[in-house]
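Spelled out, the chains give:
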Amino acid sequence: MAAAGVNICVEAVQENQIQECRIVERADGEGQEIQEIYVQPLSMSENLSKLASKIDFYKDESDDKKGLSGDIEKESDDKNATSFQPSLWPWDSVRNKIKASLTEMSVLLDVLNITKEKRYMILDQVSQPSLDPKPQLQLQLLSKKSALNEATNVLLNGAERLRRSQSEMGSKPQGDFHIELLKLRQNWRLKKAGKLILGDLSYKSAGSRYWQGGMFEVVKSTNIGEGSEASLPKGSLEVIIPSELEGVAYIQVEVKVVPEAMDLMSAILKIPSGLGTIPTDAYWQQKLEVAQNVLFCKEIFAQLAREAVQSKSSVPHLVVGNQIITNIFPGTQLSIVLCHSSGKDKDKKSSAPHKLDHNHVLEHSLHQLLRELHFKNIHFSPPHPVTAVIGISKKRRLAGPNALSRSELTEMIENESLLHQIIKQTKHSVLRLRTMKTIDHYASTQKDPNLATHWNCTNNSLEASCRVVITSQGYDLRVWHSFVLNIGVDMVKAVTREGRVYTFSYEERELEDFIMWQISQHQLSVSQNLARMMGWQMLSTSTALGVGDMEDVGTASSLVLASPNHDRVLAIKSGPSSGVKVFLQCNSKDQNGKNRAVLKDIKWQSIGTDFQSVDLSRFDGRSFASKFELLLAVLTRSPK
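Reading guide: rules and limits
- Residues numbered from 1 in each chain as written.
- Predicted model: local features only at pLDDT ≥ 70, side-chain atom pairs only at ≥ 80, totals over all residues.
- Heavy atoms only, no water.
- Axes fitted to C-alpha atoms, helices over the stretch in contact; angles between N-to-C directions.
- Helix = DSSP H or I, 4+ residues; strand = E, 2+ residues; numbered from the N terminus.
- Left-handed = near helix turned anticlockwise from the far one by under 90°.
- Contact = heavy atoms within 4.5 Å.
- Nonpolar A, V, L, I, M, F, W, Y, C, P; charged D, E, K, R; others polar.
- Polar contact = N/O pair within 3.5 Å; in protein donor to acceptor, adjacent residues only side chain to side chain.
- Expected span 1.5 Å × (residues − 1).
- Buried < 20%, exposed > 50% of the residue type's maximum accessible area, 1.4 Å probe, protein only.
- Phe/Tyr/Trp six-rings, centres within 6.5 Å; stacked < 30°, edge-to-face > 60°.
- Lys NZ or Arg CZ within 6 Å of the ring centre and 35° of its normal.
- Pairing = 2+ DSSP bridges.
- Parallel < 35°, antiparallel > 145°, perpendicular 65-115°, else oblique.
- Patch = residues over 30% accessible without salt bridge, like charges linked within 9 Å, V, L, I, M, F, W, Y side chains within 5 Å.
- Areas by Shrake-Rupley, 256 points an atom, 1.4 Å probe, with all protein chains shown as cover.
- Salt bridge = Lys/Arg side-chain N within 4 Å of Asp/Glu carboxyl O.
- 1 Å grid on protein atoms, 1.4 Å probe; cavity = no way out; pocket = protein on both sides within 12 Å on 5 of 7 lines; lining within 4 Å.
- Points joined across faces, edges and corners; volume = space filled by probe spheres on them.
- Core = buried A, V, L, I, M, F, W, Y, C linked by side-chain atoms within 4.5 Å.

A.B. asks: Quick question: what am I supposed to make of the packing of helix 14 (residues 508–533) against helix 15 (residues 624–635) here?
C.D. replies: A pair of packed helices is captured by two measures, namely the crossing angle of their axes and the spacing between those axes. The contact between helix 14 and helix 15 brings their axes to 10 Å, and the two run at 35 degrees. Regarding helix 14 and helix 15, the two cross each other, and that crossing is right-handed. The segment helix 14 lies against helix 15, with Gln 523, Val 526, Ser 527, Leu 530 and Ala 531 engaging Phe 624, Ala 625, Phe 628, Glu 629 and Leu 632. Considering only residue class, the contact of helix 14 with helix 15 consists of seven nonpolar, two polar and one charged.

Shown next, in the form of structure tokens:
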């Protein structure tokens, strides 16, 4: 089936070996090149001698002797002594190996031909006798039954253990001391000092540097019993809180308006009665949480008091007992009070109840600012390189290469204090409330035009913005006016539609004058747009009218319009305090009663006549825009 024979040609490599490589100059003198020196090829006789020297004629004899079986080893000594006669042809071993390779390739070729062509035999699957399915079903049922029995046993054992544990827990008084101690250790830091178990309530692990510690002692409860239904659950351990951390405390932040001539030293601190007391038999978790809150409030007040004393600002800060008073605006005062009630002064008469204007937002901001300070105390920027000092910012590291001045370095070192940050937030809060009240006042009292305010939802603690839209009733889509207010810490910026920026201080009067001026500009814009739609011609306009009575606030604006037939002229004056006034000029005869025959064009007939005031209150309409539109429609007619 395989081929009878395959001819193989054995030849030597035609390439000669390289003996040496030299770098020589090129013939054209433009560089160097590599020159290879080859070994001279061998002649036929030299090549045959070289190949014959590589053949080991005793190798086959040693291999054959190692591969003999045990029967051949027991032959006579005469046969073993016979010397090996090597083959006289040196290529005998090569021929044998090539022949063995040819045999293997022929067998492989036969197998491939049989598998592929399928002319000699067919590979078919051997059929097996079918088994009876009944024994298999019985085995499956038995295996499932045993598996269900094992699962049932596991469930029954678990239920029995749970029942046993519940009965054991019910037989115990109320709780185990070690279990309660384990729960306490999961939430609080504990350590053992001799025979005592001590805990820590402070925030030192979170970055606090407050001097007062918050150590408490854990003892085993002596009287274990269930209290009333309304009382909290009692545990098998008790905590002993230091006397300075007992009771309830919170930070009261109050912003109030006081007369400028008020003496700050006469300020009376009124601590609200009924802060709430913690019962002595309360649960240990509640005791620890309230005590930690007292420690946190004390740290906030101590930090603010230290900064108020060390501050060198132009506005002095007053620290009296547990109260800090400072003026944020003229007539506006910020009061920060540490309210701490230990619950031991029950015998004293409580003061009369009074209403507290407590600002919960600023109190929450104080808590956030102190936690940010704790975070900065233990989290520093990584040093670059690693051998540099820890805690230096990237800007300070680049101060040398960037050649920063001494003033710039001082600004980087100085950090904003906690008191300064809360004062800035209070200023912004007061200024935002003033702005809201001013806009709401004009929106509720101003019937024409209408004011709508849209506050931005992406505000922060120091910046806020809103858009005020001025519209006339019935003309919302055609004529409207708007401006944007950006409220900062101590100033308000207004941006109009034209892109003009106006900056106001914290005084409410400046914002009120600006809103009134914008309303007057809106009325003039309404008049101009209605006149354009009705075909009237605009003769002149001015945003700062220099004639007439002077306005109390701002300046008046004017607009002069001519009718389509040029026989009538309207003059509109809009002022922030005087409102909108309309004057009409019509053509008529001269003072002598003679017609102006010299002026042929009708548009010159109204020259020299007087303007007469138009009473808009006698026109039908709910707004100035509707009344002015009706006036334009009446005056737009053909001359008789």
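A.B. asks: Looking at this structure, I do not really get the environment of Pro 449. What am I missing?
C.D. replies: Relative to the assigned elements, Pro 449 resides in the loop between helix 13 (418–445) and strand 11 (450–455). Once the C-alpha coordinates of Pro 449 and Thr 471 are considered, the two residues, 22 residues apart in sequence, prove to be 5.7 Å apart. In contact with Pro 449, other than residues within four places in its own chain, are Ile 470, Thr 471, Ser 472, Ile 519, His 522 and Gln 523.

A.B. asks: Would you mind going over the side chain of Gln 323 with me for this structure?
C.D. replies: The topology assignment puts Gln 323 in strand 9 (residues 323–329). A distance of 3.1 Å separates polar atoms of two side chains, one belonging to Gln 323 and the other to Ser 335.

A.B. asks: I would appreciate a short explanation of helix 15 in the present structure.
C.D. replies: A turn of α-helix holds 3.6 residues, and therefore any two residues three or four places apart point the same way. Across its 12 residues, helix 15 extends 16 Å between first and last C-alpha, which sits within 8% of the 16 Å expected from 1.5 Å per residue. Of the positions making up helix 15, those classed as buried are Phe 624, Ala 625, Ser 626, Lys 627, Phe 628, Leu 631, Leu 632 and Leu 635. Of the surrounding elements, those touching the buried residues of helix 15 are helix 14, strand 17 (557–562), strand 18 (568–575), strand 19 (579–586) and strand 20 (612–614).

A.B. asks: Explanation requested: the packing of aromatic side chains in the structure shown.
C.D. replies: Here the distance between the centres and the angle between the planes together describe a pair of aromatic rings. Taken as a whole, this structure holds 10 aromatic pairs when the rule is applied. Relative to Tyr 506, the ring of Phe 329 lies with its centre 4.8 Å away and its plane at 25 degrees, an arrangement referred to as stacked. With Phe 329 in strand 9 and Tyr 506 in the loop between strand 15 (501–504) and helix 14, the pair connects residues that are 177 residues apart, well separated along the chain. On the basis of relative accessible area, Phe 329 is assigned to the buried category, the value being 4%. One Lys or Arg, Arg 371, reaches over the ring of Phe 296 and ends 4.6 Å from the middle of that ring. We note Arg 497 situated over the ring of Trp 480; from NZ or CZ to the ring centre the distance is 4.5 Å.

A.B. asks: Can you walk me through the sheet that holds strand 10 (residues 332–341) in this structure?
C.D. replies: By way of backbone hydrogen bonds, the strands of a sheet pair with one another, either parallel or antiparallel. On the basis of which strands lie adjacent, the open sheet formed by four strands has the order 7-10-9-8 and antiparallel pairing. Only two strands of the sheet have a single partner each, and these edge strands are strand 7 (248–257) and strand 8 (318–320). Going across the sheet, the axis of each strand differs from the next one's by a mean of 20 degrees, ignoring polarity. Pairing geometry for strand 8 and strand 9, over three bridges, is antiparallel. Looking at the pairing, Leu 318 lines up with Ile 325 of strand 9.

A.B. asks: Before we go on, may I ask you to explain the environment of Val 258 in this structure?
C.D. replies: Relative to the assigned elements, Val 258 resides in the loop between strand 7 and helix 8 (284–310). The class for Val 258 is buried, based on a relative accessible area of 13%. Each C-alpha atom of the pair Val 258 and Asn 327 lies 9.7 Å from the other, and the pair is 69 residues apart in sequence. Ignoring any residue separated from it by four or fewer positions in sequence, one finds Val 258 in contact with Gly 331 and Gln 333.

A.B. asks: I'm lost on unusual backbone geometry in this one. Help?
C.D. replies: Excluding glycine, residues mostly carry a negative phi; peptide bonds, for their part, are mostly trans. Between Asp 448 and the following residue, Pro 449, the backbone shows a cis peptide bond with an omega angle of 0 degrees. For Ala 403, which is not a glycine, the phi torsion comes out positive at approximately 55 degrees. One can find Ala 403 in the loop between helix 11 (399–402) and helix 12 (406–413).

A.B. asks: What is the right way to read the packing of helix 7 (residues 177–187) against helix 8 from this model?
C.D. replies: Interhelical geometry of helix 7 versus helix 8 gives an angle of 25 degrees and a closest axis separation of 11 Å. By the angle class used here, helix 7 and helix 8 are roughly parallel. Taken as a pair, helix 7 and helix 8 cross one another with a handedness that is right-handed. In contact with Glu 180, Lys 183, Leu 184 and Asn 187 of helix 7, helix 8 contributes Trp 284, Gln 285 and Leu 288. For the contact of helix 7 with helix 8, the per-class residue count stands at three nonpolar, two polar and two charged.

A.B. asks: Any chance you could explain a nonpolar patch on the surface here in plain terms?
C.D. replies: Together, Val 6, Ile 8, Leu 51, Trp 91, Val 94, Ile 98 and Leu 102 make up an exposed nonpolar region whose accessible area comes to about 560 Å². A total of three residues in the nonpolar patch trace back to one element, the largest contributor, which is helix 5 (residues 92–117). Within the element layout of this structure, Trp 91 appears in the loop between helix 4 (77–81) and helix 5. You can call Trp 91 partly exposed: its relative accessible area is 34%.

A.B. asks: Is there a simple way to think about the sheet that holds strand 19 in this case?
C.D. replies: The strand order 16-17-18-19-20 describes an open sheet built from five strands, whose pairing is antiparallel. What marks the edges here is a single partner per strand, and that holds for strand 16 (537–542) and strand 20. Across the sheet, the mean angle from the axis of one strand to that of its neighbour is 25 degrees, orientation sign disregarded. As defined by bridge partners, strand 17 adjoins strand 18 across six bridges and the pair is classed as antiparallel. When the bridges of strand 18 are listed, Leu 561 appears paired with Leu 570. Contacts between helix 14 and the sheet are confined to strand 16, strand 17, strand 18 and strand 19, with strand 17 contributing the most and set at about 10 degrees to the helix.

A.B. asks: Teacher, can you tell me more about the pairing of strand 17 here?
C.D. replies: Remark: a regular strand shows side chains that alternate across the two faces of the sheet. A large share of strand 17 lies buried, amounting to five of its six residues. As defined by bridge partners, strand 16 adjoins strand 17 across five bridges and the pair is classed as antiparallel. The residue of strand 17 that forms the bridge with Ser 542 is Ser 558. Between strand 17 and strand 18, which follow one another and run antiparallel, lie five residues, and His 566 among them has a positive phi close to 60 degrees.

A.B. asks: Honestly, empty space enclosed by the protein in this entry has me stumped. Any pointers?
C.D. replies: Over the atoms rolls a probe the size of a water molecule, and in doing so it shows where empty space is left. Applying the stated criterion across every chain yields a total of one cavity of 30 Å³ or more. Of the pockets and cavities examined, the largest cavity occupies roughly 60 Å³. Lining the largest cavity are Leu 431, Arg 434, Thr 435, Thr 438, Val 492, Ser 505, Tyr 506, Glu 507, Glu 508 and Leu 511. Put simply, the parts of the chain that give the lining of the largest cavity at least two residues each are helix 13 and helix 14. Looking at the lining of the largest cavity, the element that brings in the most residues is helix 13, giving four residues. Of the residues in the lining of the largest cavity, the class split is four nonpolar, three polar and three charged.

A.B. asks: Help me out: how do you make sense of the nonpolar core in this one?
C.D. replies: Generally speaking, nonpolar side chains in soluble globular proteins are found buried as a group. Counting residues in hydrophobic clusters, the biggest one holds 45 residues, and the most contacted among them are Ile 251 and Leu 288. If you tally residues by element for this core, the top one is helix 8, at 12 residues. Ranked by size, the runner-up nonpolar core spans 21 residues in total, among them Ala 531, Leu 561, Val 582 and Phe 628.

Any functional reading would require information beyond the geometric quantities listed.
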